[in-house]
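Coordinate analysis (summary)
Below are the chains, spelled out letter by letter.
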Number of protein chains: 2
Amino acid sequence: MKRSHNCNALRKSDIGATVTLAGWVDRRRDLGGVIFADLRDKYGKIQVVFDNPEVNPIADTIRNEFVIWIEGTVIARPAGMENPKLDTGDVDVMVTTIKILNKSEPPPLAINDHNEECKENDDLRLRYRYLDLRRPWIQKNLILKSRFLGEVHAFFRKNGFEEIETPILCKSTPEGARDYLVPSRVNPGSFYALPQSPQQYKQLLMIAGMDRYYQIARCFRDEDLRADRQPEFTQIDVEMSFVEQEDVMGMFDNFVSEVLCKVWNFEAPQAIPRMPYSEAMLRYGSDKPDIRFGLEISDVSSIVVQSEFGVFKNVVNSGGVVRGIAATGCVEFSRKQIDDLTSYVGRYGAKGLVWMRVKDGGEVETQVGKFFTVDQLNALRDAVGAKAGDMMFFIAGPEKMASNATGQLRLEIGRIKGLMNPKVRKFLWVTDFPMFEFSESEGRYMSTHHPFTAPLPEHLDMMLNGNLKDCLAHAYDLVLNGVEIGGGSIRIHNPDVQEKVFRLLGLTAEQVQEKFGFFVDAFKFGAPPHGGLALGLDRVLATLEGQDSIRDFIAFPKNTSASSPMDNSPSPVDAEQLQEVHITLNLPKKA
Amino acid sequence: MKRSHNCNALRKSDIGATVTLAGWVDRRRDLGGVIFADLRDKYGKIQVVFDNPEVNPIADTIRNEFVIWIEGTVIARPAGMENPKLDTGDVDVMVTTIKILNKSEPPPLAINDHNEECKENDDLRLRYRYLDLRRPWIQKNLILKSRFLGEVHAFFRKNGFEEIETPILCKSTPEGARDYLVPSRVNPGSFYALPQSPQQYKQLLMIAGMDRYYQIARCFRDEDLRADRQPEFTQIDVEMSFVEQEDVMGMFDNFVSEVLCKVWNFEAPQAIPRMPYSEAMLRYGSDKPDIRFGLEISDVSSIVVQSEFGVFKNVVNSGGVVRGIAATGCVEFSRKQIDDLTSYVGRYGAKGLVWMRVKDGGEVETQVGKFFTVDQLNALRDAVGAKAGDMMFFIAGPEKMASNATGQLRLEIGRIKGLMNPKVRKFLWVTDFPMFEFSESEGRYMSTHHPFTAPLPEHLDMMLNGNLKDCLAHAYDLVLNGVEIGGGSIRIHNPDVQEKVFRLLGLTAEQVQEKFGFFVDAFKFGAPPHGGLALGLDRVLATLEGQDSIRDFIAFPKNTSASSPMDNSPSPVDAEQLQEVHITLNLPKKA
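Residues numbered from 1 in each chain as written. Chains lettered and ligands numbered in written order. Predicted model: local features only at pLDDT ≥ 70, side-chain atom pairs only at ≥ 80, totals over all residues. Heavy atoms only, no water.

**A closer look at the overall build of chain A**
- A count of helical and extended segments in chain A gives 17 helices and 23 strands.
- Principal-axis analysis of the C-alpha atoms places the extent of chain A at approximately 90 × 75 × 60 Å.
- Counting only residues that meet the buried cut, chain A has 57% of its 591 residues in that class.
- In chain A, of all internal contacts separated by at least 6 residues, the share reaching a separation of at least 24 is 68%. (Helix = DSSP H or I, 4+ residues; strand = E, 2+ residues; numbered from the N terminus. Buried < 20%, exposed > 50% of the residue type's maximum accessible area, 1.4 Å probe, protein only. Contact = heavy atoms within 4.5 Å.)

**Some remarks on the relation of the copies chain B and chain A**
- The operation relating chain B to chain A is a screw motion whose rotation component is 180°, with 0.0 Å of axial translation and a residual RMSD of 0.1 Å. Classification of the inter-copy transformation places it as that of a two-fold axis.
- With an isologous cut-off of 70% or more, the 100% of interface residues of chain B that recur at the interface of chain A puts this contact in the isologous class. (Least-squares fit on C-alpha atoms with pLDDT ≥ 70 in both.)

**Notes on the interface of chain B and chain A**
- With 124 residues of chain B in contact, the opposing surface of chain A contributes 125 residues.
- Taking both sides of the interface into account, the surface hidden between chain B and chain A amounts to around 10,700 Å²; carbon and sulfur atoms contribute 57%.
- On the chain B side of the interface with chain A, the three residues burying the most area are Glu165, Phe242 and Phe525 of chain B, jointly 8% of the side's total.
- Put simply, chain B and chain A have 14 salt bridges between them. (Buried area = accessible area lost by both parts, 1.4 Å probe. Salt bridge = Lys/Arg side-chain N within 4 Å of Asp/Glu carboxyl O.)

**Details of the nonpolar core**
- Among the nonpolar cores identified, the biggest contains 65 residues, and Phe148, Phe156, Phe252, Phe255 and Leu260 of chain B are the most heavily contacted of them.
- In terms of residue count, the dominant contributor to this core is helix H6 (residues 245–264) of chain B (11 residues).
- Contact partners of phenylalanine 148 of chain B, with chain neighbours within four places excluded, come to Ile236, Phe255, Val259, Leu260, Val263, Trp264, Leu537, Val540 and Leu541 of chain B.
- Core analysis: the next-biggest nonpolar cluster, separate from the first, contains 64 residues, Phe427, Leu468, Val479 and Ile490 of chain A among them. (Core = buried A, V, L, I, M, F, W, Y, C linked by side-chain atoms within 4.5 Å.)

**A short note on the pairing of strand S20 (residues 475–480) of chain B**
Residue and element names in this part refer to chain B.
- Extensive coverage of S20 is indicated by the burial of six of its six residues.
- What you see with S20 is no split at all: Ala475, Asp477 and Val479 on one side and Tyr476, Leu478 and Leu480 on the other are buried throughout.
- Sheet topology note: the strand S17 (residues 427–431)/S20 ladder contains five bridges and is antiparallel. When the bridges of S20 are listed, leucine 428 appears paired with valine 479.
- Pairing of S20 with strand S21 (residues 483–490), which is carried by six bridges, proceeds in the antiparallel orientation. Of the residues in S21, the one forming a bridge with aspartate 477 is glycine 487. (Pairing = 2+ DSSP bridges.)

**A look at helix H4 (residues 136–158) of chain B**
- If you check H4 of chain B, its first and last C-alpha atoms are 32 Å apart, about what 23 residues at 1.5 Å a residue would give, namely 33 Å.
- Positive phi appears at glycine 160 of chain B, one or two residues downstream of H4 of chain B, with a value of about 80°. (Expected span 1.5 Å × (residues − 1).)

**Remarks on the pattern of salt bridges**
Residue and element names in this part refer to chain B.
- Scanning all chains against the criterion turns up 92 salt bridges over all chains.
- For the salt bridge of glutamate 239 with lysine 202, the shortest nitrogen-to-oxygen distance reads 3.5 Å. On the criterion of sequence distance, the pair formed by glutamate 239 in strand S10 (residues 232–241) and lysine 202 in helix H5 (residues 199–207) is long-range, its members being 37 residues apart.
- Classification of lysine 202 as buried rests on a relative accessible area of 1%.
- Linking arginine 274 and glutamate 246 is a salt bridge whose minimum nitrogen-to-oxygen distance equals 2.7 Å.

**Observations concerning the sheet that holds strand S3 (residues 44–50) of chain B**
All names here are of chain B.
- Read around the closed barrel, the five strands follow the order S1-S2-S3-S5-S4; overall the barrel is mixed. Direction aside, the axes of adjacent strands within the sheet are offset by 55° on average.
- Sheet analysis places strand S1 (residues 18–31) next to strand S2 (residues 34–41), joined by seven bridges and oriented antiparallel. In the strand pairing of S2, aspartate 30 is matched with isoleucine 35. (Axes fitted to C-alpha atoms, helices over the stretch in contact; angles between N-to-C directions.)

**Details of unusual backbone geometry**
- The step from serine 569 of chain A to proline 570 of chain A runs through a cis peptide bond, and the omega angle for that step is -5°.
- Inspection of the secondary structure assignment puts proline 570 of chain A in the loop between helix H16 (537–544) and helix H17 (575–580).
- The backbone of histidine 582 of chain B shows a phi angle near 65°, a positive value even though the residue is not glycine.
- Relative to the elements of secondary structure, histidine 582 of chain B occurs in the loop between helix H17 (575–580) and strand S23 (583–585).

**Observations regarding the packing of helix H4 (residues 136–158) of chain A against helix H6 (residues 245–264) of chain A**
All names here are of chain A.
- Following both chains from N to C, one finds H4 and H6 inclined at 145°, their axes separated by 10 Å at the closest point. Crossing of H4 over H6 shows right-handed handedness. Facing H4, whose interface residues are Leu144, Arg147, Phe148, Glu151, Val152, Phe155, Phe156 and Lys158, H6 presents Met251, Phe252, Asn254, Phe255, Glu258, Val259, Leu260, Lys262, Val263 and Trp264.
- Looking at the contact of H4 with H6 residue by residue, the class counts come to 12 nonpolar, one polar and five charged. (Left-handed = near helix turned anticlockwise from the far one by under 90°. Nonpolar A, V, L, I, M, F, W, Y, C, P; charged D, E, K, R; others polar.)

**Topic: the sheet that holds strand S2 (residues 34–41) of chain A**
- Spatial strand order, S1-S2-S3-S5-S4 (chain A): five strands in a closed barrel with mixed pairing. When strand polarity is set aside, the average angle formed by the axes of neighbouring strands in this sheet is 55°.

**Notes on the confidence of the model for chain A**
- Per-residue pLDDT for chain A averages 94, and the proportion of residues at 70 or more is 97%.
- Two summary scores accompany this predicted model of the complex, namely pTM at 0.95 and ipTM at 0.95. (pLDDT = per-residue confidence, 0-100.)

**Comments concerning the side chain of aspartate 222 of chain A**
- Within the secondary structure layout, aspartate 222 of chain A lies in the loop between strand S9 (212–220) and strand S10 (232–241).
- When its relative accessible area of 2% is taken as the criterion, aspartate 222 of chain A is described as buried.
- Setting aside chain neighbours within four positions, we find aspartate 222 of chain A in contact with Arg178, Asp179 and Tyr180 of chain A together with Arg185 and Val186 of chain B.

**A few points about H16 of chain A**
- Where burial is concerned, most of H16 of chain A is hidden: eight out of the eight residues are buried.
- Burial in H16 of chain A covers these residues: Leu537, Asp538, Arg539, Val540, Leu541, Ala542, Thr543 and Leu544 of chain A.

**A word on the side chain of arginine 410 of chain A**
Residue and element names in this part refer to chain A.
- Looking at the secondary structure, you find arginine 410 in helix H12 (residues 399–416).
- Notably, arginine 410 is buried but unbridged: the nearest opposite-charge side chain belongs to aspartate 290, and the N-O separation is 5.7 Å.
- The contacts of arginine 410, once residues within four sequence positions are left out, are Tyr284, Asp290, Ile291, Phe293, Gly294, Leu295, Glu296, Ile297 and Ile325. (Lys, Arg positive; Asp, Glu negative; His and termini not counted.)

**Considerations on the packing of H5 of chain B against helix H15 (residues 509–522) of chain B**
All names here are of chain B.
- Where H5 meets H15, the closest approach of the two axes is 10 Å, and the angle between their N-to-C directions is 20°. Regarding the angle of H5 to H15, the classification is roughly parallel. Two packed elements cross with a definite hand, and for H5 against H15 that hand is left-handed. Across the interface between the two elements, Gln200, Gln203, Leu204 and Ile207 of H5 pack against Phe516, Phe518, Phe519 and Ala522 of H15.
- Residues that form the contact of H5 with H15 fall into these classes: six nonpolar, two polar and no charged. (Parallel < 35°, antiparallel > 145°, perpendicular 65-115°, else oblique.)

**Here's the deal with the packing of aromatic side chains**
- Under the criterion given, the structure shown has 58 aromatic pairs over all chains.
- Aromatic pair tyrosine 128 of chain A and tyrosine 130 of chain A: ring centres 6.2 Å apart, planes at 75°, arrangement edge-to-face. Accessibility assignment for this pair places tyrosine 128 of chain A and tyrosine 130 of chain A in one class, buried.
- Ring centres of tyrosine 180 of chain A and tyrosine 192 of chain B lie 6.0 Å apart, and the angle between their planes is 85°; this geometry places the pair in the edge-to-face category. Of this pair, tyrosine 180 of chain A sits in the loop between strand S6 (162–163) and strand S7 (181–183) while tyrosine 192 of chain B sits in strand S8 (residues 191–193), on two different chains. For the pair shown, tyrosine 180 of chain A and tyrosine 192 of chain B are each scored as buried.
- Ring pairing ties together the aromatic residues Phe148, Phe155, Phe156, Phe161, Tyr214, Phe252, Phe255 and Trp264 of chain A, which thus form one cluster.
- Above the plane of the ring of phenylalanine 293 of chain A lies arginine 410 of chain A, whose end atom (NZ or CZ) is 4.1 Å from the centre. (Phe/Tyr/Trp six-rings, centres within 6.5 Å; stacked < 30°, edge-to-face > 60°. Lys NZ or Arg CZ within 6 Å of the ring centre and 35° of its normal.)

**Looking at the environment of arginine 381 of chain B**
All names here are of chain B.
- For arginine 381, the position within the fold is in helix H11 (residues 374–384).
- Look at arginine 381 and you get buried, because its relative accessible area is 17%.
- For the pair arginine 381 and glutamate 399, spaced 18 residues apart in sequence, the C-alpha to C-alpha distance is 21 Å.
- With residues near it in sequence (within four places) discarded, arginine 381 still touches Val358, Gly362, Val364, Ala386 and Met392.
- A polar contact of 2.6 Å, which involves the side chain of arginine 381, links it to the backbone oxygen of glycine 362. (Polar contact = N/O pair within 3.5 Å; in protein donor to acceptor, adjacent residues only side chain to side chain.)

So this is what it looks like as structure tokens:
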């Protein structure tokens, strides 16, 4: 029952050959005694023909998704019947022998419905994922991912990285997103945790002298799920010794041009632009700017503070800012569109959206015109770079909110105007992140990334002197089309600096020992300077494919309840199993 | 602080060059004002020399495992001072600038003690694993593993396999070795399980039409640990569609000759021999024969049953067997050696060990000679193939015990006689395993491998007729030097046959649904014929390196209590964390 060819192999040049094929019946048609079937496998499709009393009685019984094996002769399709959409569209196979390898019940998903629209609800698709995955356009995602992984392996090996596995059964760390716990049978009352990332292990590998490490690393976060999150996900995880920020970023500049450009067949960027965090927040209202289009943001606080427009004036005078944007060619936006945008930015905290039209002669028209001089209006127009035919929008408020809301407005206008071309790939490095962020909820400064991130060398003294607000970190994110596809940092390698950072975060020596003990100790035995980066594997794939969700790049994903409708995991287990691992259930009381 | 070269790069041809290097101080010697230091990194070692008042005061302070950066000039070593053991042994670097990048406390492990003997106890090594890993001979294992993985990736890609990730958060299966459980926060009272292998997922990928799959797959088994087991381990996991046993084995024949032979630089076997399970059990007393040496086993039941030796006679007459082996050239074994062997086989259930010497003329000498005729003794000698100078050993008992105990005796004699040359690599396929095994403890037949393994086609009717004892399976193990490094099978793809196997195992329809429900359903929608194999990644490495334990091929292994002395995982967690995942502790009562 061997196959001589796959279902995408036969061409005109094979006409006359005797071949054996195996695959799934994609579609079957009985045209008055002659039966046609499309045979499908991972590689493609081919039409086979039954016109012979030996095989037709069996061919009569085959249905969609039956698995069949056939022997036959390659023949030319009749002139005019060629199918240019199929690689095998010039030929048919005239069947001489058929064997049904397996039957199929009518599939609950339309596998041969090739319009790439999934009509079924998500849970039905996930329940029958093994059928969903038979759809060529989903299969294609996994094949692409495999090909990408092959290039990833080759790239890092070529650059002297060792592929090293780190544990999945780890120690629970008491901070950050929630750990998945694994009770130990052998050590009653103790628990492993699944790793949120291999961060500590990869740093330990640098301390161990492994010099350059990479791993396709499974990570776990027990978060409340959003559409694009999965309880387990995969990182392309990298760490390098004796490097500075430029070395890590340079390695990934090469990764983009040698791996991503190759797999996705686009031209390598001359150089990936770099932008400090503060500039990104000002110009794009985002730490992950989508630079496929302009619509840049300007701060107009110094102009509006001189106006008579109380709303803006008061915001600026009380420490806030006013940010503006020129929506190119949007002068004709309707009242309804503007109302929609106003309620859109309202979701991000904006209390209002002030808009102004730039008329043909450059004159600014606005409902709040009476509060501004003509010079002030013209100054606003010039500050945001608006031209005749543009609409201007302004948002006022505390800097963080106004910046973000204007950034979200910019993206929304970009969407409305169709500026987010998925075929355009714009990469950007965002650098110089703040080392610390003040947490209102905790009432103290927290690490923006993690407490092992190094400050900029020129900010070290500032940090040691206790100025946390202005201290910038040696951290960098790689952004593609407005999506953060990776991030990393140079790590602290000096145990004294590490100790100081913990102190600044308000930890006592005892707390440091309890939370990070063994890891901090490791730095006392000759840690090299080191740094690294991690890319979100499925995030890279989805973004380059122009898809919002990572789910269809994962063979067996979980749904938004972190469950698998296919095998009903997670599921209850026997009391015996719980007893073996020394736990009992403690279920929430029902209301 | 960049390095121009690694510590293994400089040669005679570099003499005169100005270079920068970074690494760990492996050893420092002060020879009357001139200071020599060996600088070490992953790549090797180089001697650097301090003989200059600018650098010597700093060089004076460096100690073992300090991380330093130097600039200097490559010079020739003085004639006669070359070190042929080092790749860089022809040159020194005369240092002009030094910077201490990091200090080190005195390391608790002797990293520069290059005799490859670890004097420290295992838990000390694991506690400071990041230092243990700095030892070049352990680092070498991880580098070898990475190189091997690179060849694995390349081999399977070249052969059209897709690398596909399967979940770590899975459904708990109620059979087999113990599952690690993960309580769900989002689904109170439910648990994920960590996969014992991706078996069901890889079969689902075949049903999904992925055709050829491979994965470097993490697996988890909560077993009581032996020296060579780890709670998590890694498989090279493979599955193929539209194949027969020959196709899978042929793929791995190629894997051995293209990957293993390349990485370990040994000559490819002409063809990997194949041996049915029954023959392996008879000739080697093992389902994983070490065929590096002979000392084959013979069944002598039909000879001894005619003797007057009651012990043997009674065993045979009551359904047991007597197995014998010729220990080549062991005629001079002392009484003490024989006693040791007797107690050795006693561990495997043998109630005694009968021995006979073959003297110079071929005459057989034995303490139990009076129970045998000379013809019978000669027949025994010829049956086991003994020659003058050999010792013969015989073990009687129930077949399973006698076979195994004789197999163990064979291995022990092989060890004593030094026949297990680690440089010799003998691969063997063991095939035709029994489909079922009778479990005395369960009082019923169980699957030898798993219930998805297909019977031999020619044994299908036998199985359907209820003869489980003689039914053989399409299962195969790959054995290297007496170690099972992998195993696999052709799977059942016909839902009716699958149903029948479950019935034969004594399961009701309800039990099948409960235990294997969704998986069995998947076979109703057109499952292709498929089969696969999994290799133990670290087992392959350890066996080819001639090491017994897999531990030093794993960066961060657990100890024999499934714990990590480095981070003290598993460890107690906060009551809050337990509450979040809806469990409480249920600790065993203290005695």
